[in-house]
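A look at the structure
Residue-level listing of the chains:
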Amino acid sequence: MRIKSLYIKNFFSIQEINLEFDDNGIICIEGKNKDSGGSIGSGKSSIFEAIVWGLFGRTIRKSVQDSLVNTKAGKECEVVVGLDDGVEIQRVVKPPYLQIKIDNKVYIKESYQDTQKFIEDKLNINYKSFLVANVFGQQNELDFISASLEDKRLMLKTFLGLEEFFSLRDKFKNKKTEIINKLKSIEFTCESTRKIVEKAEKNIIAATKNSKDIKTKFNLTDSYKLEDILIKEREVRDLYNDANDYGDKVFDLELKLKASKKELKDNDDFNVCSECGSSLDEKPIGWERSCIDEIKSLESQIQGYNSKISTIKSNIERIKIPISSSDYHKIKDIELYDSEINLNTKLKTEHEEILKQEGIRKEKNAKYLDILKFWESVFSEQGIVKYIIHNVLDHFNNRCMHYLSILTNGKATIKFNDSFEEAITINGQVTYYNSLSGGERKKINFAVLLALQSLLDFTSKAKFDFILLDEVVESIDDESVGNFFTLLNELSKNKVIFVISHNSALKEYLVNKRKIKLVKSKGITKLEK
């Protein structure tokens, strides 16, 4: 993606300028400050700031919004950046306004932030990645080598088109967290259910024992109704009453039998009445036969009554009363225990089924979790992302070496490992980035910037075919300035390169290149006529 036009109104010191960029090549931005003399402060860098702010709503030097407005020229601050593919972005400070136009169709989302996200999705790049890959100069404090690991990851995601992979990783990671929480919930349910089952089992064992103890004590084999027990008890009681009545009769008859036998045996007492014991004048006729007959009759009666008593006892023995009515509450206890057994058996069965189903869910989710962990690792930085980086690393290092070889005449090298940690040599000697001079750092950073841009060749994403260079050759010797120009010429075949420089050697190289000339007077910058 290449810049085609730039409209700036009341931005920093610039009052209003409108620029068109039709072809690739090098464009020099020069300035004259009539207020202070020389070119410093003429508004050259404001061109770069306007491009960055127009695209991302942020400046290179991180200026606050109010400081953007050139109050001397007017209150309306506006930047419009035109890109190829029919893309145009318009941004206004007050009131805040932002739109993107694609093939003359305007897109404005629900909020300013949503519109900015839409723009960055369309451009396929964010603010930090743009600065690292397209802006090189004194105002830009961001460079790839000095960036934090998190910023490097963000840049690589952009340059290699890995957002989708990281998005998938985050998707699997979030789903994994969801499944882990679900497994925790299942385990909590299982643990609670197991406790219910264990308690039910204990209750069943206790109730079974108590019921068995009562049945054993009273030799109970069936269930009994109190009404039946009362009937049997009444029947036994009646039989006992009958037996007692017969017993009383037997007792009376035995007394008479004893008296009769005594009378028969005691011949000396014949003159005594056996009935009343009174003296008789003479012995009755046939008294002996009468006495014997009476004895036989009494014995017969006693035998009859004893036979009835025996029958009654047999009948009583045949009537089985397992438990007395006074102890009948024990049967109620058994019923309560049996009810408790049934209730807890049902409870146990229901919760064992819950455990079974939760076990199935747990196994299913555990397998799913293993799958999610696998895919999370696949799309992690140690998985396919690392594989992609590993496979583009040779290209990246080769590009770095190519650009750095031009800039240093082959005296410096840089190579990155899989973690994008750099190894630098100067004249064959290993050295560290922080120990390099300012000029050496500029050469290395510029080579890395260009190599990062080349990573976009591995993706289907659009890339920005323009570079903003602000004072890139200051503190660099003349020979290195020539090397910079050689590289710029090579790059300008496919890019638009904006250059701001006070270096006289570089200016001589750029003498025949296109110029954008600015002049500042009374605090206002305009295009020089």
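Provided above is the structure to which this section pertains.
These lines cover the structure that appears in this document, whether it is placed above or below. In this text, all values refer to a predicted model and were calculated from it rather than measured experimentally.

**So, the packing of aromatic side chains**
- What the rule picks out here adds up to 17 aromatic pairs.
- Ring geometry for Phe48 and Phe498: centres 6.5 Å apart, planes at 75°, overall edge-to-face. In this pair, Phe48 is assigned in helix α1 (residues 44-56) and Phe498 in strand β13 (residues 496-500), connecting sequence segments 450 residues apart. Residue Phe48 shares its accessibility class with Phe498, and that shared class is buried.
- Centre to centre, the rings of Phe56 and Tyr127 are 6.3 Å apart; their planes meet at 70°, and the pair counts as edge-to-face. Highlighted residues: Phe56 in helix α1 and Tyr127 in helix α3 (residues 127-134), separated in sequence by 71 residues. Comparing Phe56 with Tyr127 shows no difference in burial state: the two are buried.
- An aromatic cluster is built from Phe56, Tyr127, Phe130 and Phe466, whose rings are joined through pairwise contacts.

**Quick word on the environment of Lys75**
- Along the chain, Lys75 turns up in the loop between α1 and β4 (78-83).
- Using a relative accessible area of 74% as the deciding quantity, one classes Lys75 as exposed.
- For the pair Lys75 and Val93, spaced 18 residues apart in the sequence, the C-alpha separation amounts to 9.3 Å.
- Excluding residues within four positions of it along the chain, Lys75 makes contact with Asn10 and Val69.

**Describing the pattern of salt bridges**
- A complete count under the given rule lists 18 salt bridges for this structure.
- Close ionic contact of Arg289 with Asp293 constitutes a salt bridge, the shortest N to O distance being 3.8 Å. Separated by four residues within a single helix, Arg289 and Asp293 lie in helix α7 (residues 287-318), roughly one turn from each other.
- Since its relative accessible area comes to 38%, Asp293 is described here as partly exposed.
- The salt bridge partner of Lys495 is Asp465, with a shortest N-O separation of 3.8 Å. With Lys495 in the loop between α11 (478-491) and β13 and Asp465 in the loop between α10 (438-454) and β12 (466-470), this residue pair connects regions lying 30 residues apart in the sequence.

The rules behind these values
Residues numbered from 1 in each chain as written. Predicted model: local features only at pLDDT ≥ 70, side-chain atom pairs only at ≥ 80, totals over all residues. Heavy atoms only, no water. Phe/Tyr/Trp six-rings, centres within 6.5 Å; stacked < 30°, edge-to-face > 60°. Helix = DSSP H or I, 4+ residues; strand = E, 2+ residues; numbered from the N terminus. Buried < 20%, exposed > 50% of the residue type's maximum accessible area, 1.4 Å probe, protein only. Contact = heavy atoms within 4.5 Å. Salt bridge = Lys/Arg side-chain N within 4 Å of Asp/Glu carboxyl O.

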